[in-house]
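The lines below spell out each chain.
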Amino acid sequence: MRSLLRLLFQAMLAAALLAACLDNVMAVVPERIRWQVRLGLVVVALLGLGETIRRWLRRLTQQMPAAAAPDPSGACGPSRRDILTSANLVLDRYESAERYATGERPDEDPSPIYLFARLLVELTHLARVSEDVRLSGDLMAIDVTVEVSIDALRHEPDEPGRGLKLDGKIVVPILRRKDLVLETFEARDSADNKLTPLPQRLTDGLLAWTVKSLYELTYGEDLSPEDLKKIYKLTALFCRTDIVDPDVFAREYDAIVGAAGEQGGLDLLRSVRGYFAVNTVSAFEVDVAEADLMVVRYRYLATADRITTAHDRYRTRLGLRPYRYVVPISLAYQAHSYDLRITGPDSHFVYRHLLREAGTTGKRTCTPAELAPTAGMGVRLDADHGAPYAGVHTRGLNRAEQVRNVECAVEFEEIPPGALRRSLVISAVGSLVLIAFAFAVPAAVQDSRGTDLAALLLAAPGLVATLVGFSTDRVQQSSLTAFGGLVVSAVLSFTASVLYLLQTLVWPGSPTVRLSLLYLVRLPAADAIWIGLAFVSLSTTLFLALQGVHRMRRYLFTLRRRSAVGRTT
C-alpha cells in the first residue's frame, strides 16, 4: 500500500511539472496569475522529485556491496618480535613461569600464567558485576563495579578432590570494551591497597602464554615451526587494540586455526573469541596473603541511539530529548551475579522496559526464560511500578554455552500532568482569546482601525507560558503530544495576529455568521474566519485534555500496582 501511494505521489508531481511546461494547459489559468501558478508548480514538483531521487540514490547506495573489511592481522596488533619480547618479560617476572614454560605443573601452587589463562577462559573469578546507568539527555554515564572473590578461587577444583592452592601474587584478568573513553578506572583489594594494571607489554605476554598453553592442550607439546607461526598470529589477533567486527574476527580466527582446532584447548579459546573482537584485557597483580576480595570500578560515557524508531527520529528532528534508551548487557555473561540499574530524570518514570536480542534478521523481544534455559540460571526484570529507574538481574549466565547479544530497552514517560498540563492551559487560554475576538472583531473593525490588539494576540501564549512556568528545558523533556499542543497554540497565535492586521488595514469586509445555542439564545454576529481558528484551538484543547486524563489514569494504575506489591511483600 505504501509503495502504491508513493508511486501515485510521484506521478502527481510529474504531472504538475508537465502541466507547468505546457502552454495550452496553463492557458486555463487567468493571465494575471499565470506566471505565479506556473512558478509554484515548478518549485513544488522539483522539490518533490528531488527528494524522491535523493531517497532512491540512498537506497541504491545501501544496496551496493560494502568495501572489503581490513585485515585483522594488520598493524594494530603486536609484531612477532614484540610478542616474543613480551613473553620473555613475563618469564622474568614470575619465578614459577619457568616451570610452566617447560610443561611442569607445580604441585603446591599454580603458576600465575596458568591461573591467568584459566581465569581468562573460564571466567569463574568474577563474583559479581553491577552497572549503574544514569541518563542525562543524549548522554549515559555508566558506572561499572566488578568484584573478584579471591577466597572463592581457593575453592575452585584444580583436580578431583583438591582445590587451588594460592600463594604469593596472582594475576587477575578484567575484560573491558576497547571503545570506552574511561573517566575513572581504579582497583582496590579488601586491604584497601590501590592496584594498578600491568603494562600492556606484560599483558600481551600473558596472552601469548595463554594461547600457547591452549594450543599445546590440543596438539601436544611438540610444536612445529608452522604451529609457532599460528600461535604468533593468534596472539597478534587477540592483542589488537582496535575494534573488529565479530564476524570478521571469527573468520580470521578460523583461517589461522583451521578446521582441526575445534576441540580441546582451542575450543575453549574459541568460546571467548567473541569478547576479544570488541574487548581488551587489563591484568592486575593481587597479593592473596593480604586480600580476599578485589574490586574494580570504572566509569565511562556513552551516547543514546536516537534514530532506532520513528518516534525517536521525530523527537530528534524537533530537538526534543530522547525517551527511549538501549543498554547492552554483555557483562552478564562474565559473572555469576549481574545487576543493571538504569535511572532516568526525576520528572520521568519507566513506562516499560524489556529485553531484546540482536540477530541476523534484526532485533526481537525475548523473555527471561529464553535467556536462562537450564537449571542454575536466572534472569529477572524489575516490575514497572512508576519509578524513575529500571533493573535487570541475572544469575549463572557465565555458565551459558553461547554468549547472546542481548540488550535492555527502556522507555520513559513524563510523570503526569507535567508539561502536558501546561500545554493544556496555554491552549485553553488561546481558545478563550480567539472566541472573544471572533465576536469582538466585526465591531472593532468598523469602529476603529487601530492595531494594538495584534500584539496582545501574539503575546498571549508566551505570557501564559511564562505564568505556568514553561521553560526551554521543560519543552525539551516534554512528550510529542505536549510539544504538538504548544506548536498549534503558537501557530494560531501568529495567524490571529496577521489576520487582525489584514482585517484592520486591508480587508475589513470579512464574512460573518450568526450562532445560536439550542435555538434559544442567539449570539452576536461573529467573524467566520475567527470562528474557524477558535474551533481548531478548542479541538486541540479537548485532545490535550483527553490525553492528560488517559495518562493520569495509567500512571495512577501503575502506582496502585506498586502499592499492592509493597503490601504483599
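The rules behind each value
Residues numbered from 1 in each chain as written. Predicted model: local features only at pLDDT ≥ 70, side-chain atom pairs only at ≥ 80, totals over all residues. Heavy atoms only, no water. Helix = DSSP H or I, 4+ residues; strand = E, 2+ residues; numbered from the N terminus. Buried < 20%, exposed > 50% of the residue type's maximum accessible area, 1.4 Å probe, protein only. Areas by Shrake-Rupley, 256 points an atom, 1.4 Å probe, with all protein chains shown as cover. Pairing = 2+ DSSP bridges. Expected span 1.5 Å × (residues − 1). Contact = heavy atoms within 4.5 Å. Polar contact = N/O pair within 3.5 Å; in protein donor to acceptor, adjacent residues only side chain to side chain. Axes fitted to C-alpha atoms, helices over the stretch in contact; angles between N-to-C directions. Parallel < 35°, antiparallel > 145°, perpendicular 65-115°, else oblique. Left-handed = near helix turned anticlockwise from the far one by under 90°. Nonpolar A, V, L, I, M, F, W, Y, C, P; charged D, E, K, R; others polar. Salt bridge = Lys/Arg side-chain N within 4 Å of Asp/Glu carboxyl O. pLDDT = per-residue confidence, 0-100.

1. Regarding the overall build of the chain
- The helix and strand inventory of the chain stands at 19 helices and 18 strands.
- Across the 569 residues that make up the chain, the buried fraction comes to 41%.
- Accessible surface for the chain amounts to roughly 30900 Å². Of this, 59% is attributable to carbon and sulfur atoms.

2. Comments concerning the sheet that holds strand S15 (residues 389–395)
- Judged by pairing direction, the sheet is mixed, and its eight strands sit side by side in the order S7-S6-S9-S2-S1-S11-S15-S14 without closing on themselves. Edge positions in the sheet fall to strand S7 (194–195) and strand S14 (378–381), since each of these pairs with one other strand and no more.

3. Describing helix H8 (residues 200–219)
- Compared with an ideal rise of 1.5 Å per residue, which puts 20 residues at 28 Å, H8 spans 28 Å between its outermost C-alpha atoms and is within 8% of the ideal.
- Within H8, 14 of the 20 residues are buried, which leaves it mostly tucked inside the rest of the structure.
- Gly 220 sits one or two residues past H8 and shows a positive phi near 95°.

4. Notes on unusual backbone geometry
- Residue Pro 417 is bonded to the preceding Pro 416 through a cis peptide linkage, with omega at 5°.
- For Pro 417, the location among the structural elements is in the loop between strand S16 (406–414) and helix H15 (418–447).
- Positive phi outside glycine occurs at Asp 192, with the angle close to 65°.
- Looking at the secondary structure, you find Asp 192 in the loop between strand S6 (182–189) and S7.

5. Focus on the environment of Ser 282
- By the secondary structure assignment, Ser 282 is in strand S8 (residues 279–287).
- Overall, the relative accessible area of 6% leaves Ser 282 in the buried class.
- Taking the C-alpha atoms as reference, Ser 282 lies 6.4 Å from Leu 175; in sequence the two are 107 residues apart.
- Every residue in contact with Ser 282, bar those within four places of it in the chain, is listed here: Val 172, Pro 173, Ile 174, Arg 176 and Phe 185.
- Only 3.0 Å separates the side chain of Ser 282 from the side chain of Arg 176, close enough to count as a polar contact.

6. Things to note about the packing of helix H9 (residues 225–238) against helix H10 (residues 246–257)
- Orientation of H9 relative to H10, taken along the N-to-C sense of each, is 165°, at an axis distance of 9 Å. With respect to H10, the axis of H9 lies roughly antiparallel. Where H9 crosses over H10, the handedness of that crossing is left-handed. Along its contact with H9, which presents Lys 230, Lys 233, Leu 234, Leu 237 and Phe 238, the element H10 presents Phe 249, Glu 252, Tyr 253, Ile 256 and Val 257.
- Class assignment for the residues of the contact of H9 with H10 results in seven nonpolar, no polar and three charged.

7. Some words on the pattern of salt bridges
- In total, this model carries 20 salt bridges according to the counting rule given.
- The closest approach of N and O atoms between Glu 216 and Lys 212, which form a salt bridge, is 2.4 Å. Of this pair, Glu 216 and Lys 212 both sit in helix H8, four residues apart, which is roughly one turn of the helix.
- The partner of Arg 324 in a salt bridge is Glu 411, with the nearest N and O atoms 3.1 Å apart.

8. A closer look at the pairing of strand S2 (residues 139–149)
- Here S2 lies mainly inside the structure; eight of its 11 residues are buried.
- Between strand S1 (residues 126–136) and the antiparallel strand that follows it, S2, lie two residues; Gly 137 among them carries a positive phi value of about 70°.
- Note that S2 and strand S9 (residues 293–303) share 11 bridges and pair antiparallel. Each residue of the ladder has a partner; that of Ile 142, found in S9, is Tyr 300.

9. Concerning the confidence of the model for the chain
- Of the residues in the chain, 80% reach a pLDDT of 70 or more, and the chain-wide mean stands at 79.
- A low-confidence stretch, residues 66–74 stays under pLDDT 50, and its non-local contacts, those more than four residues away or across chains, total 11 contacts.
- With pLDDT under 50 throughout, residues 100–109 is counted as low confidence; its partners more than four residues away or in other chains account for 19 contacts.

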